[in-house]
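What follows is each chain in one-letter form.
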Amino acid sequence: AQRVTQPEKLLSVFKGAPVELKCNYSYSGSPELFWYVQYSRQRLQLLLRHISRESIKGFTADLNKGETSFHLKKPFAQEEDSAMYYCALRNTDKLIFGTGTRLQVFP
Amino acid sequence: DAGVIQSPRHEVTEMGQEVTLRCKPISGHNSLFWYRQTMMRGLELLIYFNNNVPIDDSGMPEDRFSAKMPNASFSTLKIQPSEPRDSAVYFCASSLMGGRETQYFGPGTRLLVL
C-alpha cells in the first residue's frame, strides 16, 4: 500500500542549528515526492519537489530509493522557517500526505 | 487571481445539522480536490474531480459526506447529518492537467460540530 510516514510530530531547534525533517514512503512504482509547507495563518503551499532538484529557502531534499526516504534538510534554521511541513507522494492524480511535522525554531 | 476561494472560513454547528462547504477553484484549473486535516490523521484526500467529474471518492468517510461540482468554477462538500468527529479543517485545492501539476490550496474551512 502507498504510504507516507513522518515520524516526528514536533521538531524544535534553535536558530542557526541544522534541521532534518524525516519522511519515509512506501510505493511500488517510481515515486514522485514533494514537500508542502503551511506557515501560520497562510495557505498550504508547495515547497519543493524531488524531480526539480532545487533548493528553496535554503531547503533541500534528496530522494533515497534504497532507504525509501525523502528527508528535508536545511543547514542553518531561521525563525521564519517555523511552520507545519508535509511530505507527499504522488499516486496517479492523487497526493498522499504524511501526518506532518511542526518545526519550531527558537531565537 | 485571488487563488482558491473557500467559504465559510469558520463554521460552528450542532450535531445533526447539515453543513455545506463551498469552493471556487482557480480559473482554468480542471482538477479539484477536497481534503480534511486533523491532528491525528494529518491531511487526508476525501474526493477529487477532473473536468467536473468525480474520479475517486474512496476517501469519503461515509454516506453522510457528499460532494458535487456542477460547473468548472464551483464545488460543494456536504455533511448530513454532522457529528462531533467531523470537526476538522477542510481544504479545497485545484490544479491543471488532472492533478499532475502543482496543487494550489484554499485557506480552509474550520468546522466545529458541537
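Everything in this summary refers to the structure shown in the same document. Keep in mind the model is a prediction, meaning the values are calculated, not measured. Just so you know, the residues in each chain are numbered from 1, in the order the chain's sequence is written. In the order they appear in the text, chains get letters beginning with A and ligands get numbers beginning with 1. Where totals are concerned, whole chains, interfaces and linings use all residues; where local detail is concerned, this predicted model gives features only for residues with pLDDT of at least 70, and gives and counts side-chain atom pairs only at 80 or more. Side-chain numbers here rest on the full set of heavy atoms in the structure, without hydrogens or water.

Turning to the overall build of chain A, a few remarks are in order. When you go through chain A residue by residue, the secondary structure sums to 0 helices and 11 strands. A run of H or I in DSSP counts as a helix once it spans at least four residues, and a run of E counts as a strand once it spans at least two, with each numbered from the N terminus. Moving toward the C terminus, one meets the helices and strands of chain A in the order β-β-β-β-β-β-β-β-β-β-β. For 107 residues, the compact-globule formula gives about 13 Å, and the C-alpha radius of gyration of chain A, at 13 Å, lands near that figure. Oriented by its inertia axes, the alpha-carbon framework of chain A measures out at about 40 × 30 × 25 Å. Any two residues whose heavy atoms approach within 4.5 Å at even a single point are treated as in contact. The long-range fraction of contacts in chain A, counting pairs at least 24 apart against all pairs at least 6 apart in sequence, stands at 57%. As displayed, chain A offers around 5500 Å² of accessible surface, 49% of which is attributable to carbon and sulfur atoms. Here Asp and Glu are counted as negative and Lys and Arg as positive; His is not counted, and neither are the chain ends. Taken as the charge centre is NZ of Lys, CZ of Arg, CG of Asp or CD of Glu, depending on the residue. Across chain A, the centroid of the 15 positively charged side chains sits 5 Å from that of the 10 negatively charged ones. In this treatment the radius of gyration is a C-alpha quantity, and the globule benchmark scales as 2.2 Å times the residue count to the 0.38 power. All accessibility values rest on the Shrake-Rupley procedure with a 1.4 Å probe; residue burial counts only the protein chains present in the view.

Below, the discussion takes up the layout of surface pockets. The volume enclosed by the largest pocket comes to roughly 730 Å³. Of all the elements in the fold, those that place two or more residues in the lining of the largest pocket are β9 (83-91) of chain A together with β4 (31-38), β9 (88-95) and β11 (109-113) of chain B. Under the convention adopted here, Pro, Cys and the residues Ala, Val, Leu, Ile, Met, Phe, Trp and Tyr are nonpolar, Asp, Glu, Lys and Arg are charged, and Gly plus all remaining residues are polar. For the lining of the largest pocket, the per-class residue count stands at 10 nonpolar, 12 polar and 6 charged. Residues are said to line a cavity or pocket when one of their atoms sits within 4 Å of a point; the points come from a 1 Å grid over protein atoms alone, cavities being sets where a 1.4 Å probe fits but cannot get out and pockets being open sets with protein on both sides within 12 Å along at least five of seven lines. Grid points are joined across faces, edges and corners, and a volume is the space filled by probe spheres set on the points. When its volume is computed, the second largest pocket comes out at roughly 440 Å³. Lining the second largest pocket are 19 residues, and of these A:Ile96, A:Phe97, B:Leu43, B:Glu44 and B:Leu45 lie nearest its centre. For the lining of the second largest pocket, the secondary-structure elements that each account for two or more residues are β1 (3-5) and β10 (94-97) of chain A together with β5 (42-50) of chain B. Top element by residues in the lining of the second largest pocket is β5(B). It accounts for 5 residues.

In this assembly, 26 residues from chain B lie in contact with 16 residues from chain A. Two parts placed together each lose some accessible area; with a 1.4 Å probe, that loss summed over both constitutes the buried area. Summing both partners gives a buried area of about 1700 Å² for chain B against chain A, and 44% of it is carried by carbon and sulfur. A carboxyl oxygen of Asp or Glu within 4 Å of a side-chain nitrogen of Lys or Arg is what we treat as a salt bridge. At the boundary of chain B and chain A, one finds 1 salt bridge. Across the pair B:Asp56 and A:Lys94 runs a salt bridge, and its minimum N-O distance is 2.8 Å. Any pair of N or O atoms that falls within 3.5 Å is considered a polar contact. Within protein, one atom must be able to donate a hydrogen and the other to accept it, and sequence-neighbouring residues count only if both atoms are side-chain atoms. For the pair chain B and chain A, the interface holds 8 residue pairs in polar contact (both at pLDDT 80 or more).

The next point concerns the side chain of B:Ser95. Secondary-structure assignment places B:Ser95 in strand β9. Excluding anything up to four places from it in sequence, B:Ser95 contacts B:His29, B:Asn30, B:Ser31, B:Phe33, B:Glu101, B:Thr102 and B:Gln103.

The next point concerns the packing of aromatic side chains. Stacked, tilted and edge-to-face are the three classes applied to pairs of Phe, Tyr and Trp rings, where Trp contributes its six-membered ring and a pair requires centres within 6.5 Å; stacked means planes under 30 degrees apart, edge-to-face means over 60, and tilted covers the rest. Taken as a whole and assessed by the stated rule, the structure comprises 11 aromatic pairs over all chains. Relative to B:Tyr35, the ring of B:Phe33 lies with its centre 6.4 Å away and its plane at 25 degrees, an arrangement referred to as stacked. Take B:Phe33 and B:Tyr35: they sit in the same class, and that class is buried. In this structure an aromatic cluster arises from ring pairing among A:Tyr36, A:Tyr86, A:Phe97, B:Phe33, B:Tyr35, B:Tyr48, B:Phe91 and B:Phe105. Between buried and exposed lies partly exposed: a residue is buried under 20% and exposed over 50% of the maximum accessible area for its type, with that area taken using a 1.4 Å probe on protein chains only.

So, about the pairing of strand β6 (residues 45-49) of chain A. Residue and element names in this part refer to chain A. For two strands to count as paired, DSSP must find a minimum of two bridges between them. Pairing between strand β5 (residues 33-38) and β6: 4 bridges, direction antiparallel. From the neighbouring strand, Trp35 faces β6, where its bridge partner is Leu48. From the end of β5 to the start of β6, which pair antiparallel, there are 6 residues, and Arg41 there has a positive phi angle of about 65 degrees.

A few words on the pattern of salt bridges. All names here are of chain B. A complete count under the given rule lists 13 salt bridges over all chains for this structure. The closest approach of N and O atoms between Glu83 and Arg64, which form a salt bridge, is 3.5 Å. Of this pair, Glu83 sits in the loop between β8 (74-79) and β9 while Arg64 sits in the loop between β6 (53-56) and β7 (65-71), placing them 19 residues apart in sequence. Judged by its relative accessible area of 23%, Glu83 falls in the partly exposed class. Residues joined by salt bridges that share partners form a network here, namely Glu62, Arg64, Glu83, Arg85 and Asp86.

The next subject is the nonpolar core. What makes a nonpolar core is a set of buried Ala, Val, Leu, Ile, Met, Phe, Trp, Tyr and Cys residues whose side-chain atoms join them at distances within 4.5 Å. Ranked by size, the top nonpolar core spans 24 residues in total, and within it A:Trp35, A:Leu47, A:Leu48, A:Phe70, A:Leu72 and A:Tyr85 carry the most contacts. The set of elements that each furnish at least two residues to this core consists of β2 (10-14), β3 (19-21), β5, β6, β9 and β11 (101-106) of chain A. It is β9(A) that contributes the most residues to this core, 4 residues altogether. Among all residues touching A:Phe70, those that are not within four sequence positions of it are A:Cys23, A:Leu33, A:Phe34, A:Trp35, A:Leu48, A:Arg49, A:His50, A:Ala61, A:Asp62, A:Leu63 and A:Cys87. In terms of nonpolar packing, the next biggest core, distinct from the first, is built from 20 residues, B:Ile47, B:Phe65, B:Cys92 and B:Val113 among them.

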